[in-house]
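Observations on the three-dimensional arrangement
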Amino acid sequence: MSKICQITGKTAMVGNNVSHSKRRTKRTFDVNLFTKKFYWVEQDMWINLKLSAAGLRTINKKGLDAAIKKAAEKGYLFS
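The structure reproduced in this document is the subject of the present report.

Structural notes on the pattern of salt bridges
Going through the model one piece at a time under the given rule, you end up with 2 salt bridges. In this structure, Lys3 engages Asp30 in a salt bridge whose closest nitrogen and oxygen atoms are separated by 3.4 Å. Within this pair, whereas Lys3 is found in the segment before strand 1 (13-18), its partner Asp30 is found in the loop between strand 2 (24-29) and strand 3 (33-40), the two being separated by 27 residues in sequence. For Lys3, a relative accessible area of 49% translates into the label partly exposed. Notably, a salt bridge pairs Lys69 with Asp65, separated by 3.3 Å at the nearest N-O pair. Remark: Asp65 and Lys69 occur in helix 2 (residues 64-74); sequence separation between them is 4 residues, near one turn of the helix. Under the relative-accessibility criterion, Lys69 is labelled exposed at 52%. Overall, Asp65 belongs to the buried group, its relative accessible area being 18%.

Quick notes on the environment of Leu64
In this structure, Leu64 sits in helix 2. Along the sequence, Leu64 and Val18 sit 46 residues apart, while their C-alpha atoms lie 40 Å from each other. Leaving out residues up to four positions away in the same chain, Leu64 has contacts with Phe38, Tyr39, Trp40, Ile47, Leu49 and Ile59.

Some points on unusual backbone geometry
Here Lys22, not a glycine, exhibits a phi torsion of approximately 70°, which is positive. Assignment of secondary structure puts Lys22 in the loop between strand 1 and strand 2. For Lys22, a relative accessible area of 57% corresponds to the exposed category. Despite not being glycine, Asp44 has its phi angle at roughly 55°, a positive value.

Observations regarding helix 2
Of all the positions in helix 2, only Leu64, Asp65, Ala67, Ile68 and Ala71 are classed as buried. Here the buried residues of helix 2 occupy an arc of 165° about the axis, which is enough to place them on one side. Turned more than 90 degrees away from the buried face of helix 2 sit Lys69, Glu73 and Lys74, all of them exposed. Where the residues of helix 2 are buried, they touch strand 3, strand 4 (45-52) and helix 1 (53-62). Looking one or two residues past helix 2, Gly75 carries a phi angle of roughly 90°, positive in sign.

Re the pairing of strand 4
Where strand 3 lies against strand 4, 8 bridges are found, and the strand directions are antiparallel. Bridging from a neighbouring strand, Tyr39 pairs with Trp46 of strand 4. Counted along the chain from strand 3 to the antiparallel partner strand 4, the turn is 4 residues long, and its residue Asp44 has a positive phi close to 55°.

Rules and cut-offs
- Residues numbered from 1 in each chain as written.
- Predicted model: local features only at pLDDT ≥ 70, side-chain atom pairs only at ≥ 80, totals over all residues.
- Heavy atoms only, no water.
- Salt bridge = Lys/Arg side-chain N within 4 Å of Asp/Glu carboxyl O.
- Helix = DSSP H or I, 4+ residues; strand = E, 2+ residues; numbered from the N terminus.
- Buried < 20%, exposed > 50% of the residue type's maximum accessible area, 1.4 Å probe, protein only.
- Contact = heavy atoms within 4.5 Å.
- Arc of directions from axis to C-beta.
- Pairing = 2+ DSSP bridges.

Shown next as C-alpha cells:
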C-alpha cells in the first residue's frame, strides 16, 4: 500500500529543499501516517486503517461509521 490516508485521501506532496545559497533540489513532504486498529460496531468486526493525524481527528469528531462511509463514497478506502 502506498502513502495515502484511507480516510482523508491525503498523499505526499513534492517541493524543494532550499539551501543557504538558494539552490533548489526536489524533495517529498510525506504524510504523517500510522496504522491504527478500530472496532467497527456496526459491522461487528476489527479493521486496520492506515491514516493520518487529520484522519484520526476526523474519526474522533464524526465517528468511525460516518468517516468510513464518506471515505468510501469519495473512493479513498481500499483493501
